[in-house]
Amino acid sequence: MQFDLLRAFPYPVLRPGVDDYRDSDIQATVYFEETSGSNIITAEIDFALSVPEIKKLVSDGVAHYVVVFACRDTYFRKASIKEQSSFTETFSAGELRGEVLIYPYIIASSVITDFECAWINEEFGPGPFSFPNGAVLALDQPQSIYIDRDAFKPISSCFSMVKRDNIADNEWQVQADGHKVQIASVQLSKHA
């Protein structure tokens, strides 16, 4: 589901920039880290939620924290569904590369009836409210991060500079038949 501030829901949804819940907010922080010595990337996710009634739905087991990770470069998509507001998710080599989009939600995992909350905007009426299974209860703005696998590898070059005295000044020779391409000149640097 794309994040759209103008999207209307038939029930209140906690989200930034919309006043379905007055003076309330949701924020998901996602931090990526490479596990040293391996190609595994770990995402640490932490939800901050200011509506105790939605937190109670999660603790009662009728709602869950959800983060969807999507990567177009690798055609990878994964939904992490958890009961805890803080959790980690690991990704193996090749799953994430390039732009990775992160969509944080809180979803009803079963039918919810008789939901009441003093923070709900009066435009929705006095309540109580009902949510179908799978309903979005809260969502944060999507996040985007760029992961470049080559950044995790040591940088090396396929070229090597070599000095050869039998070459005239201001000339270069290229030898491409070895493991690395050799670029030869009389001097490696005139300023050295």
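One can find the structure itself at the top, above this paragraph.
Since the model is a prediction, treat every value here as computed from it, not as a measurement.

A. Geometry of the overall build of the protein chain. A tally of regular secondary structure across the protein chain gives one helix and 13 strands. Going residue by residue from the N terminus, the α and β elements of the protein chain occur as β-β-α-β-β-β-β-β-β-β-β-β-β-β. Counting every position in the protein chain, which comprises 192 residues, the buried fraction comes to 36%. In the protein chain, once contacts between residues fewer than 6 apart in sequence are set aside, the share between residues at least 24 apart is 57%. Of the roughly 11,800 Å² of accessible surface on the protein chain, 50% is carried by carbon and sulfur atoms.

B. Focus on the environment of Val 62. Inspection of the secondary structure puts Val 62 in the loop between α1 (52-59) and β3 (63-71). For Val 62, a relative accessible area of 23% corresponds to the partly exposed category. Put simply, Val 62 and Ile 107 are 45 residues apart on the chain and 8.7 Å apart in space, counted from C-alpha to C-alpha. In this structure, Val 62 is in contact with Leu 57, Ile 107, Ala 108, Ser 109, Ser 110 and Ile 112, ignoring residues within four places of it in sequence.

C. Seen up close, the nonpolar core. Within the largest apolar cluster, 49 residues are counted, with the highest numbers of intra-cluster contacts made by Phe 32, Phe 69, Ile 106 and Phe 115. Discounting chain neighbours no more than four positions away, the residues touching Ile 106 are Ile 26, Leu 49, Ile 54, Val 58, Ala 63, His 64, Tyr 65, Ala 135, Val 136, Leu 137 and Ala 138.

D. Representation of the packing of aromatic side chains within the structure. The tally for this structure, following the rule as stated, stands at eight aromatic pairs. Ring geometry for Phe 32 versus Phe 69: centroids 6.2 Å apart, planes at 80 degrees, classification edge-to-face. Taken together, the residues span a long stretch of sequence, with Phe 32 in strand β1 (residues 26-34) and Phe 69 in strand β3 at a distance of 37 residues. For the pair formed by Phe 32 and Phe 69, the shared burial category is buried. Note on Phe 47 and Tyr 65: the rings are 4.8 Å apart at their centroids and 40 degrees apart in plane angle, and the pair reads as tilted. Residue Phe 47 is found in strand β2 (residues 41-49), and its partner Tyr 65 is found in strand β3; the two are separated by 18 residues along the sequence. For the pair Phe 47 and Tyr 65, one class covers both residues: buried. Taken together, Phe 9, Tyr 11, Phe 115 and Phe 131 form an aromatic cluster joined through their ring pairs.

What counts as what
Residues numbered from 1 in each chain as written. Predicted model: local features only at pLDDT ≥ 70, side-chain atom pairs only at ≥ 80, totals over all residues. Heavy atoms only, no water. Helix = DSSP H or I, 4+ residues; strand = E, 2+ residues; numbered from the N terminus. Buried < 20%, exposed > 50% of the residue type's maximum accessible area, 1.4 Å probe, protein only. Contact = heavy atoms within 4.5 Å. Areas by Shrake-Rupley, 256 points an atom, 1.4 Å probe, with all protein chains shown as cover. Core = buried A, V, L, I, M, F, W, Y, C linked by side-chain atoms within 4.5 Å. Phe/Tyr/Trp six-rings, centres within 6.5 Å; stacked < 30°, edge-to-face > 60°.

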